[in-house]
Amino acid sequence: RCVVLRFLKSPPNQNKTSEEILRHLQNIVDFGKHVMKQFFGENYVHHGEIIQLPLDFVRQLCLKIQPERPESRCDKDMDTLSGYAMCLPNLTRLQTYRFVEHRPILCIEIKPKCGFIPFSSHVSQEIKHKVCRYCMHQHLKVANGKWKRPSKYCPLDLFSGNKQRMHFALKSLLQEAQNNLKIFKNGELIYGCKDDQECVSDWNELARHLKPFFFPSNGLVSGPHCTRTIVKELIHVITMTLLSSTDACRAGDMKTVPISQGRSYCEASAFNKELVRNGKHKLESSGLPRGCLLYKTLQAQMLDMLDIEGLYPLYNRVEQYLEEFPEERSTLQIDGPYNEAFYEKLLDLSTEDDGTIAFALTKVQQYRIAMTAKDCSIMIALSPCLQDECSEQRPVVLASKSRFTFSVSVLDLDLKPYESIPHQYKLDGKIVNYYLKNVQAKDDPVMSSLFKDNEDCTLVLHKV
């Protein structure tokens, strides 16, 4: 039936009651339905529904999938006691309409990460206003042995709306997929990391899979030229679908956060460094079309208006209040219910702290939404269609020798836990300190002098 079952997992010996599991799943569904749909729009969010399954079936299923689970995920057990699960559409398939199932379907999953540089005045280290979180975090991850090499991908390039920068970002993702890019063919993973293991990017193997999609008549000779051409076609098609708007409704009545508040490029981006080497200091920033999913994702991410440094004291204010009045926790809707009332409170974009608990709580909840949007995945499903099949109702994207009908969806939209804020604060400090000590200090002095040109200089006068 082309659906996916999703079960809750929990650490061993932390079994929740069936009621708790049902409430948790209900919160996930409600959050998608009442909150994230408002940000991303009707067509992009699939919140699913809760179903109850026979326990015997669940236990058999658990035994069957256990050997398939990556080792790093086996520290948690699948819930086999409640029988509750979420039933969701399989997003590696086309979502816009029930399509002919025998057609081959290609699906690209991208985890774009945070697409802006903090603009908050609470930021204590100047480097955070110049280099994006993702590029800094790469160095710490490589040092900790999570990845073998840093990726050249920079989220600001993907979110720039500039096709040249977007192509560079997608090519970098294809070179070093880490867990930010996966490609499926008819629902089977054909490219990307299965786990945190060493990932070998075999473009020739990928091109073999993709060739029938992009060059159906097979008029192209094989060899490196062929692989390069096919990868180029793929990047072009992904870019066009990401810039397309397939949702008529304006996402909610969010007053948008002005994107111009942050700078639109990251000094650590390989694309940017290339420009600087070639003596160009100005980056073209085309901006994203308002209706596209990347624009909506960025808007939700930018609800993090204070940065974790500005937010952490507000989190502590909420914590202190809860210590005094623990019974208020449910009134404050910290653990749900995620309904229209919860969404309404998120619309206040003021950053003037009036010292109240209400202000602190609003900023904390907005930060949790922003964190969710920074960690979501975008699924692009593509299926070849013939000239005469492509009717007006279906979104279509053209490659040089083929055309595709497509759907774009967003997933991984569980609200980030309130309890994870102290961890985020510590991690932020770790990432920045590591970068300052080990990367910036060793940076090429020629590069840094080139950057001096576009730095703001402030003259400070002291009373004598």
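Predicted, not measured: the structure shown is a model, and the values here were computed from it.

Enquirer: Help me understand a positive patch on the surface, please; the structure alone is not making it clear to me.
Expert: A cluster of like positive charges, contributed by Lys152, Lys171, Arg228 and Lys232, occupies part of the molecular surface. Inspection of the secondary structure puts Lys232 in helix H7 (residues 224–243).

Enquirer: Would you take a moment to explain the nonpolar core for this structure?
Expert: It is characteristic of soluble globular proteins that their nonpolar side chains tend to be buried jointly. Val35, Phe39, Phe40, Leu174, Ile183, Phe214 and Ile369 are the most contacted members of the largest nonpolar core, which has 87 residues in total. The element best represented in this core is H7, accounting for nine residues. Of the domains in this structure, domain 1 (1–89) and domain 2 (91–449) are the two that each give at least three residues to this core. Setting aside anything within four residues of it in sequence, one finds Ile183 in contact with Leu106, Cys107, Ile108, Leu174, Glu188, Leu189, Ile190, Tyr191, Leu206 and Leu234. Listed in part, the 17 residues of the second largest apolar core include Ile308, Leu311, Leu314 and Ile421.

Enquirer: How should the packing of helix H10 (residues 307–324) against helix H13 (residues 421–440) be read in this particular structure?
Expert: Two packed helices can be described by the angle between their axes and the distance between those axes. For the pair H10 and H13, the least separation of the axes is 10 Å and the interaxial angle reads 145 degrees. Once H10 is placed against H13, the crossing between them reads as left-handed. Here Ile308, Glu309, Leu311, Tyr312 and Tyr315 of H10 come into contact with H13, specifically with Ile421, Pro422, Gln424, Tyr425 and Asp428. Residue classes in the contact of H10 with H13 are distributed as seven nonpolar, one polar and two charged.

Enquirer: Just checking my understanding: could you explain empty space enclosed by the protein for this structure?
Expert: In this approach a probe as big as a water molecule rolls over the atoms, and the regions it shows empty are the leftover space. Applying the stated criterion across every chain yields a total of one cavity of 30 Å³ or more. Taken together, Leu303, Asp304, Met305, Leu306, Leu311, Lys363, Gln366 and Tyr367 form the lining of the largest cavity. In terms of residue count, helix H12 (residues 357–374) provides more of the lining of the largest cavity than any other element does, three residues in total.

Enquirer: Sorry, what's going on with the state of the cysteines here?
Expert: Here is the idea: a disulfide is a covalent bond, and it sits between the sulfur atoms of two cysteines. Tallied over the entire structure, the rule returns zero disulfides. Summary of cysteine pairing: Cys114 is not part of a disulfide, and the nearest cysteine sulfur, belonging to Cys132, is at 7.5 Å.

Enquirer: Please clarify how the pattern of salt bridges should be interpreted in this entry.
Expert: A side chain with one charge can pair with a side chain of the opposite charge if their charged atoms come near. Within the structure shown, the criterion is met by 16 salt bridges. For Lys37, the salt bridge goes to Glu42, with nearest N and O atoms at 3.2 Å. A network of salt bridges, in which partner residues are shared, links Lys128, Arg133, Asp307, Glu309 and Asp428.

Enquirer: Before we go on, may I ask you to explain the packing of aromatic side chains in this structure?
Expert: To describe a pair of aromatic rings, you give the distance between the ring centres and the angle between the ring planes. Tallied over the full model, the rule gives eleven aromatic pairs. Ring geometry for Phe116 against Phe119: centres 5.8 Å apart, planes inclined by 40 degrees, an arrangement best described as tilted. Between Tyr134 and Tyr153, the ring centres sit 5.3 Å apart and the planes meet at 80 degrees, which makes this aromatic pair edge-to-face. You can see Tyr134 sitting in helix H3 (residues 133–143) and its partner Tyr153 sitting in the loop between H3 and helix H4 (155–158), a full 19 residues away along the chain. What links up through ring pairs into an aromatic cluster is the set Tyr312, Tyr315, Tyr418 and Tyr425.

Enquirer: I keep staring at the sheet that holds strand S5 (residues 84–89) and nothing clicks. Help me out?
Expert: The sheet built from three strands is open, its strands ordered S1-S5-S3 with antiparallel pairing. The sheet is open, and its two edges are formed by strand S1 (3–6) and strand S3 (49–52), each paired on a single side. Shown here is a sheet whose adjacent strand axes are inclined to one another by a mean of 40 degrees, direction ignored. Relative to S5, S3 is paired through four bridges, and the arrangement is antiparallel. For Glu49, the partnering residue across the bridge sits in S5 and is Cys87. Sheet contacts for helix H1 (residues 18–40): S1, S3 and S5; angle to S5, the most-contacted strand, approximately 20 degrees.

Enquirer: What should I look at first to understand the side chain of Ser172 in this one?
Expert: Inspection of the secondary structure puts Ser172 in helix H5 (residues 163–175). Relative accessible area serves as the criterion here: at 2%, Ser172 is assigned to the buried category. If we skip the residues at most four places from it in the chain, Ser172 touches Ser151, Lys152 and Tyr153.

Enquirer: Hey, could you run me through the sheet that holds strand S7 (residues 181–185) in this one?
Expert: Strand pairs in the sheet, formed through backbone hydrogen bonds, run parallel or antiparallel to each other. Strands sit in the order S8-S7-S6-S9-S11-S10 across an open sheet of six strands; the sheet is antiparallel. Unpaired on one side and paired on the other, strand S8 (188–191) and strand S10 (396–398) mark the two borders of the sheet. Looking at each pair of strands side by side, their axes are set apart by 35 degrees on average, direction ignored. Bridging between strand S6 (residues 106–110) and strand S9 (residues 377–384) involves five bridges; their strand directions are antiparallel. Following the sheet pairing, Ile110 is matched in S9 by Ile378.

The rules behind each value
- Residues numbered from 1 in each chain as written.
- Predicted model: local features only at pLDDT ≥ 70, side-chain atom pairs only at ≥ 80, totals over all residues.
- Heavy atoms only, no water.
- Patch = residues over 30% accessible without salt bridge, like charges linked within 9 Å, V, L, I, M, F, W, Y side chains within 5 Å.
- Areas by Shrake-Rupley, 256 points an atom, 1.4 Å probe, with all protein chains shown as cover.
- Salt bridge = Lys/Arg side-chain N within 4 Å of Asp/Glu carboxyl O.
- Lys, Arg positive; Asp, Glu negative; His and termini not counted.
- Charge placed at Lys NZ, Arg CZ, Asp CG, Glu CD.
- Helix = DSSP H or I, 4+ residues; strand = E, 2+ residues; numbered from the N terminus.
- Core = buried A, V, L, I, M, F, W, Y, C linked by side-chain atoms within 4.5 Å.
- Buried < 20%, exposed > 50% of the residue type's maximum accessible area, 1.4 Å probe, protein only.
- Domains from an automatic or database assignment.
- Contact = heavy atoms within 4.5 Å.
- Axes fitted to C-alpha atoms, helices over the stretch in contact; angles between N-to-C directions.
- Left-handed = near helix turned anticlockwise from the far one by under 90°.
- Nonpolar A, V, L, I, M, F, W, Y, C, P; charged D, E, K, R; others polar.
- 1 Å grid on protein atoms, 1.4 Å probe; cavity = no way out; pocket = protein on both sides within 12 Å on 5 of 7 lines; lining within 4 Å.
- Points joined across faces, edges and corners; volume = space filled by probe spheres on them.
- Disulfide = S-S within 2.5 Å.
- Phe/Tyr/Trp six-rings, centres within 6.5 Å; stacked < 30°, edge-to-face > 60°.
- Pairing = 2+ DSSP bridges.

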